[in-house]
Amino acid sequence: PRLANQIAAGEVVERPASVLKELLENSLDAGANELEIELEAGGIKLLKVRDNGRGIDEDDLPLALARHATSKIYTLDDLEGVATLGFRGEALASISSVARLELVTSVEDSGKGWRVVAEGRDMTPRVSPAPHPRGTSVIVRDLFFNTPARRKFLRTERTEYGHLEGLFRRLALSRPDVAFTLKHNSKVVHRLRPAVDQASQEQRLKQLMPSGFIDSALYLDMEATGLRLWGWVGLPNQARAQADQQYFFVNGRSIRDRLVAHAIRQAYQDVLFHGRHPVFVLHLELDPHVVDVNVHPTKHEVRFRDGRLVHDFLFRSLHRALADTRAGQESN
Ligand code: ADP
Ligand code: MG
């Protein structure tokens, strides 16, 4: 609990997409490589995530729904080197205080599992035996049913669904190794197989990125001084695309960062003489101890131990890749 106080307590549950984010991050933290998402009415009526992760042990179940009861951080050193996505220990508690939450889980291949139901504030979660394949399903119904003021603040189903799909896209791009299914109002919207190589990753990008992106995008993979940058950058014929088609992941976590944005823009401007709305899907990998991901719990900010090193590496890698491509185009 003392440690929890050192972590900024953010407002987790803002809209259906924030619920989905927390659930998916929990599933990924639990080692799942298959995720099924079901939504109804923009996630307001129903939002369900089923995973094949390690499940939750019977003894840990009451704790999972308690505030500040994360199982993921034990020491301040963990906090510094945090590699997991969620680490505040309050998402499930917060969600269950503003929705009807049901969690079914099993740690065994036998299919023997447990169900916990929690609804609204001040409710003691009820635990009973229930079958479930190894893994966890979390079902969230009637978001904000007991907080009409917040419910009123929600936009149309369509808008909420837009946020949900945007989040889905980001997570599906961040973890190509994980299989994802997304259903909305009983219809399958996306079914993504795990991508193991560049070709199968590009299949996934074809589904998730604007049409034409992958056909003319440039693939790069560069490594230096403990940093690796890989992914796809769009060339200028896609420059009319929107600024929100920019995906940048640090150790598999989606971030938006001024230093990163600056390095990328500079590289584009330097080579192509303009840096307007480049489209990209880029992954930066580095030692988790040299980056803080917990600057703000709900925003996607990071702080690099050595910002200059990262900036220079990004700029140089992209610069080289873009310059090579331009040279190739000009000699054709
Ligand atoms: P945090 O993720 O910050 O630890 P949460 O409230 O999101 O806090 O989850 C509380 C705990 O419940 C987690 O620490 C984890 O032990 C357990 N948990 C939640 N979701 C899952 C899941 N899908 N699979 C396995 N364990 C889970
Ligand atoms: Mg969590």
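I tried to follow empty space enclosed by the protein on my own but got confused; where do I start?
Taking a probe equal in size to a water molecule and rolling it over the atoms shows the remaining empty space. Tallied over the full model, the rule gives three cavities of 30 Å³ or more. For the lining of the largest cavity, the leading source of residues is helix α7 (residues 157-174), giving four residues. When the residues that make up the lining of the largest cavity are grouped by side-chain class, the tally is three nonpolar, four polar and four charged. Each of two domains, domain 1 (2-192) and domain 2 (210-331), supplies a minimum of three residues to the lining of the largest cavity.

Sorry if this is basic, but what is going on with the sheet that holds strand β2 (residues 46-51) here?
A sheet is described by the order of its strands in space; here eight strands give the open sequence β5-β4-β3-β6-β2-β1-β7-β8, paired in mixed fashion. Unpaired on one side and paired on the other, β5 (126-131) and β8 (187-192) mark the two borders of the sheet. Within the sheet, the average angular offset between the axes of one strand and its neighbour, ignoring direction, is 15 degrees. Strand direction decides the pairing type here: β2 and strand β6 (residues 135-141), joined by six bridges, are antiparallel. Along β6, the bridge assignment pairs Lys 48 with Ile 139.

How should the nonpolar core be read in this particular structure?
Nonpolar side chains in soluble globular proteins generally cluster together in the buried interior. Of all hydrophobic cores here, the largest spans 53 residues; its most connected members are Leu 23, Ile 37, Val 140, Phe 213 and Val 281. Here this core takes seven residues from α7, the largest share from any one element. Residue-level mapping places this core at the junction of two domains, with at least three residues from each of domain 1 (2-192) and domain 2 (210-331). Among the nonpolar cores identified, the runner-up in size contains 30 residues, and Met 222, Phe 248, Leu 286 and Leu 314 belong to it.

Rules used in this analysis
Numbering of residues begins from 1 in every chain and follows the order in which that chain's sequence is written. For this description, chains carry letters from A and ligands carry numbers from 1, given in the order in which they are written. Per-residue local features of the predicted model are confined to residues with pLDDT of at least 70, and side-chain atom pairs are confined, for both listing and counting, to 80 or more; whole-chain, interface and lining totals are unaffected and use all residues. Note that the side-chain values use all heavy atoms of the structure and ignore hydrogens as well as water. Cavity means a closed set of points on a 1 Å grid over the protein atoms alone, one where a 1.4 Å probe fits but cannot get out, pocket means an open set with protein on both sides within 12 Å along at least 5 of 7 lines, and lining means a residue has an atom within 4 Å of a point. Grid points are joined across faces, edges and corners, and a volume is the space filled by probe spheres set on the points. Here a strand is any run of E in DSSP of at least two residues, a helix any run of H or I of at least four, and the numbering for each starts at the N terminus. Lys, Arg, Asp and Glu make up the charged group, whereas Ala, Val, Leu, Ile, Met, Phe, Trp, Tyr, Cys and Pro make up the nonpolar group; the residues left over, Gly among them, are polar. Domain delimitation follows an automatic or database domain assignment. Whether two strands pair comes down to DSSP finding at least two bridges between them. An axis is simply a line fitted to the C-alpha atoms; with a helix, the fit covers only the stretch in contact. Between two such axes, the angle follows the N-to-C directions and lies from 0 to 180 degrees. Here, nonpolar core means buried Ala, Val, Leu, Ile, Met, Phe, Trp, Tyr and Cys residues that are tied together by side-chain atoms lying within 4.5 Å of each other. Remark: exposure states derive from per-residue accessible area (1.4 Å probe, protein chains only) relative to the maximum for the residue type, with buried under 20%, exposed over 50%, and partly exposed in between.

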